[in-house]
Amino acid sequence: MLCNRYLNAFLKTAQAGSFARASEVLAISPTALIKQLNLFEHELKVKLLERSPRGVTLTEAGRFLYTHGLEYAREGERLEKALQDLQKEPATRLKVGTSPLTPGSLITEEFLRVAPVIPALTLEIVPFVNDPRVASAILCHLGEHIDVVTGLYDARFLEQYAIEVHPLKALPLSLAVPPGHPLYDRETVSFRELAGERLLLIRRNWMSSFDRARDLLEALHPSPDVESFDFWDVESFNRAVTGKRALLVIAPWLNIHPLLKEVRVNWDLTASVGILHSRTPSPAVIRFLEALKEHPQV
């Protein structure tokens, strides 16, 4: 999915011919601009720019994207304005995005806890499918059609999507184990007992907590038989069951597939979960977050 922020950075750089001039137009530092463009190329898996001391030039793929990207950006601006004109959302409505892997239960619990002090605020559930394009679009456009989602995060993730977070808790990493796996009858295992086991892990560089787990597992002898996948969706859990591989998860995801059971690992690895929101939140989000800060959970 073409994140508008990255696309705009690419278009301005292509027009300016250098990172320095483009960064002035965008009012960001050259370092921040270069980081955005590197992430954009990594996401698209295509080299767009040739860098040199004299500036930047477009690759063949870059020229193609520049030609079509200008119209894409203009159409996006027209669509955004049309939607804004069509319906002005009331400031009292908090729109919560939910999916099987981004359940709204944690936000709902927090909302009910502070509801007495924000009686004018209502909560609206906005379901979406776990698809990489949809998920990327939602994160790139938080604050437009969806105000907040519950999700895992780290510093790299927040910077990638230019979003902020209200931290909620740290959840331990555990295993979702299918029938037929050697660990299925266990309640807990030691980290070293995972040596040589059949595991299913999210790809590297998705989230630092899962990367730390992968580093520890790869250092075991014998190393576990690890199969990687690119994106969290229901199919990831189906693969664990059909392939009889233990899937590294957090507890809220354990009810996605009824055949998987939790086996806790005796390690101190956790993943941070929080309420993800735009850097320019709506009045409804501001009021909700203020209530959470004024009335912290004991």
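Residues numbered from 1 in each chain as written. Predicted model: local features only at pLDDT ≥ 70, side-chain atom pairs only at ≥ 80, totals over all residues. Heavy atoms only, no water.

I'd like to hear about the pairing of strand β10 (residues 246-250), residue by residue, with values.
Of all the five residues making up β10, five are buried; the element is thus mostly covered by neighbouring parts of the structure. With burial as the criterion, each face of β10 is covered, one bearing Ala246, Leu248 and Ile250 and the other bearing Leu247 and Val249. Where strand β6 (residues 163-177) lies against β10, four bridges are found, and the strand directions are antiparallel. Along β10, the bridge assignment pairs leucine 175 with leucine 248. Pairing between strand β8 (residues 198-202) and β10: two bridges, direction parallel. (Buried < 20%, exposed > 50% of the residue type's maximum accessible area, 1.4 Å probe, protein only. Helix = DSSP H or I, 4+ residues; strand = E, 2+ residues; numbered from the N terminus. Pairing = 2+ DSSP bridges.)

Talk me through the packing of aromatic side chains; I want residue IDs and the actual numbers.
Inspection of every chain in the model, using the stated rule, returns eleven aromatic pairs. Between tyrosine 6 and phenylalanine 40 the ring centres are 5.9 Å apart and the planes differ by 50 degrees, which places this aromatic pair in the tilted class. With tyrosine 6 in helix α1 (residues 4-16) and phenylalanine 40 in helix α3 (residues 30-44), this residue pair connects regions lying 34 residues apart in the sequence. For tyrosine 6, a relative accessible area of 1% puts it in the buried group. A relative accessible area of 0% places phenylalanine 40 in the buried class. With a centroid separation of 4.6 Å and an interplanar angle of 50 degrees, the aromatic rings of tryptophan 232 and tryptophan 253 are classed as tilted. Of this pair, tryptophan 232 sits in the loop between β9 (225-229) and α9 (234-242) while tryptophan 253 is found in the loop between β10 and β11 (261-266), placing the two residues 21 residues apart along the sequence. For tryptophan 253, a relative accessible area of 5% puts it in the buried group. An aromatic cluster is built from Trp206, Phe210, Phe229, Trp232, Phe237 and Trp253, whose rings are joined through pairwise contacts. The aromatic ring of tyrosine 184 is capped on one face by lysine 261, whose charged end is 5.5 Å from the ring centroid. (Phe/Tyr/Trp six-rings, centres within 6.5 Å; stacked < 30°, edge-to-face > 60°. Lys NZ or Arg CZ within 6 Å of the ring centre and 35° of its normal.)

These figures capture arrangement, not role.
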